[in-house]
Amino acid sequence: MPIQICFTCGTSYPDAPEPPSRCLICDDERQYVPRGGQVWTTRERLASGHVNAWRNLEADLFEIHTHPGFAIGQRAMLLRTSEGNILWDCISLLDDATEALVRGLGGLRAIAISHPHYYTCMQDWGRTFDCPVYLHAADANWVMRPGPAIRHWEGETLEIAYGVTLLRLGGHFSGGSVLHWADGAGGRGAILSGDVVQVAADLGRVSFLWSYPNMMPLSASTIGRIADTLTAWRFERVYGAFPGLQVTADGARVVKRSAARYIELLAGSQP
Ligand SMILES: [Zn+2]
Ligand SMILES: [Zn+2]
C-alpha cells in the first residue's frame, strides 16, 4: 500500500489503502486546506513529475529544492562537516538521483528539522541513509507517521556534530529550532533558520510569524526572547527556508534590528 502525502504541505502519513480524511498539519491555523479540499499524492506519483535541483550556497553547503515547486516549497540543505553530512530540514521527494548524489557525498550522519511543516518524508530519508532524525520533543504530537529513525531531543541546545548546534527558539512552533553552524561563512558563523527566523524579501531583514499563510503575528515577548537567545551566538549569514532568501552579511545585527522593529510595530509605533 502506498504512503500518502498531503499535496498542500508535503506531510507523509502511514501507508493505507485510502488517504486519510484530513491532514492535521493543514487543519491547523498555521497552514490551510485548499478551497477545493485536501488532495493527496504518493511517492511514485511525485517522483514521476518532479526532480530535485541542487545549488552550492557556499563551501560545504548545498541547497536541495524540488521542481516544479511542491507543497510549501521549502529547500533542504546538505551541510558537510568533518564528522559527516547533516541534512537540515526535509522535503517530500527523495528520488533515485537524489539518493545517488547524497551517497556520492558520503551519505548522512544525521537529519535535523526546524519544525513540523518540514517533517514531510523524513522517515524515508532516515531509513534510506540509516541515520537519526532529530526533532524537538515539544513538537512530538505533530509527527503523523512515527518511524524508528526519529529522536526527540529536549532542552534548549543540542550539538549534533562538532560546531553544529540545534538551538530551540520556539515561536512559530513550541519546539521551533534553528541550526547554528560555527564554520559557516568562512568561520564567521551561519544560522540555517527554516521558518523560525524567516528571511524577508528585503534580504537585510528577517521576520517571525505564528502563521505564514494566514499572516498571524507572534507576541512581543516571544520575539524579544528569540532575539535574546540568538545574541549568545556568532553568525554572519542566515539561510531561510526558501531559495534565494538568505542574509549574506551582518546576520546577527539584522536579526536584532528586525526584532526590535517588530516589537515597535506591535506597540503601535507606525509612522
Ligand atoms: Zn497537509
Ligand atoms: Zn512553518
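Everything that follows concerns the structure shown earlier in this document.
Note that the structure is predicted; figures quoted are calculated from it, not measured.

Caption draft 1: Broad picture of the packing of aromatic side chains. For the structure on display, the rule yields six aromatic pairs. Taken together, a centroid distance of 5.8 Å and an interplanar angle of 70° make the contact between Trp54 and Phe62 edge-to-face. Exposure remark for Trp54: the relative accessible area of 26% places this residue in the partly exposed category. Ring centres 5.7 Å apart and planes at 90° place the aromatic pair Trp142 and Phe173 in the edge-to-face group. One end of the pair, Trp142, is in the loop between β9 (133-136) and β10 (150-153); the other, Phe173, is in the loop between β12 (164-168) and β13 (177-181), and 31 residues separate them in sequence. Accessibility expressed as a relative area gives 1% for Phe173, which makes it buried. Sitting above the plane of the Phe173 ring, Arg30 keeps its charged end 3.8 Å from the centroid. Sitting over the ring of Trp210, Arg30 keeps its end group 4.1 Å from the ring centre.

Caption draft 2: The coordination of the zinc ion (ligand 2), seen in detail. Within the protein, the atoms that donate to the zinc ion (ligand 2) are His115 (NE2), His117 (ND1), His172 (NE2) and Asp195 (OD), at distances of 2.1 to 2.2 Å. One can describe the donor arrangement at the zinc ion (ligand 2) as irregular, given that its four donor atoms subtend angles of 94 to 142° at the metal. When the donor residues of the zinc ion (ligand 2) are listed from N- to C-terminus, their spacing reads H-x1-H-x54-H-x22-D. With His115 in the loop between β8 (110-112) and α4 (122-128) and Asp195 in the loop between β14 (190-194) and β15 (198-199), this residue pair connects regions lying 80 residues apart in the sequence. Pair check on accessibility: His115 and Asp195 agree, each one buried.

Caption draft 3: Region of the structure containing the coordination of the zinc ion (ligand 1). Coordination of the zinc ion (ligand 1) by the protein is provided by Cys6 (SG), Cys9 (SG), Cys23 (SG) and Cys26 (SG), with metal-donor distances spanning 2.3 to 2.4 Å. Each donor residue of the zinc ion (ligand 1) lies on the same chain, and together they follow the pattern C-x2-C-x13-C-x2-C. Of this pair, Cys6 sits in strand β1 (residues 4-6) while Cys26 sits in helix α1 (residues 24-27), placing them 20 residues apart in sequence. Here the two residues Cys6 and Cys26 agree in accessibility, since each one is buried.

Caption draft 4: Focus on the environment of Arg22. Assignment of secondary structure puts Arg22 in the loop between β2 (12-13) and α1. Taking C-alpha positions, Arg22 is 9.0 Å from Cys6, a pair spaced 16 residues apart along the chain. Leaving out residues up to four positions away in the same chain, Arg22 has contacts with Tyr13, Asp27 and Trp40. Within the local environment of Arg22, its side chain forms a polar contact with the side chain of Asp27, the two groups lying 2.8 Å apart.

Caption draft 5: Summary view of the packing of helix α6 (residues 220-230) against helix α7 (residues 251-266). α7 packs onto α6 with a crossing angle of 165° between their chain directions and a minimal axis gap of 9 Å. Classified by the angle between their axes, α6 and α7 sit roughly antiparallel to one another. Where α6 crosses over α7, the two elements pack in a sense that is left-handed. Every residue of α7 that contacts α6 at Ala220, Ile223, Gly224, Ala227 and Leu230 is listed here: Val255, Ala259, Tyr262, Ile263 and Leu266. For the contact of α6 with α7, the residue count by class is nine nonpolar, one polar and no charged.

Procedures and definitions
Residues numbered from 1 in each chain as written. Chains lettered and ligands numbered in written order. Predicted model: local features only at pLDDT ≥ 70, side-chain atom pairs only at ≥ 80, totals over all residues. Heavy atoms only, no water. Phe/Tyr/Trp six-rings, centres within 6.5 Å; stacked < 30°, edge-to-face > 60°. Buried < 20%, exposed > 50% of the residue type's maximum accessible area, 1.4 Å probe, protein only. Helix = DSSP H or I, 4+ residues; strand = E, 2+ residues; numbered from the N terminus. Lys NZ or Arg CZ within 6 Å of the ring centre and 35° of its normal. Donors = N, O, S within 2.8 Å, 3.2 Å for Na, K, Ca; no water. Tetrahedral: all angles 85-135°; square planar, octahedral: opposite > 155°, others 65-115°. Contact = heavy atoms within 4.5 Å. Polar contact = N/O pair within 3.5 Å; in protein donor to acceptor, adjacent residues only side chain to side chain. Axes fitted to C-alpha atoms, helices over the stretch in contact; angles between N-to-C directions. Parallel < 35°, antiparallel > 145°, perpendicular 65-115°, else oblique. Left-handed = near helix turned anticlockwise from the far one by under 90°. Nonpolar A, V, L, I, M, F, W, Y, C, P; charged D, E, K, R; others polar.

Everything listed is a geometric property; what it means functionally is a separate question.
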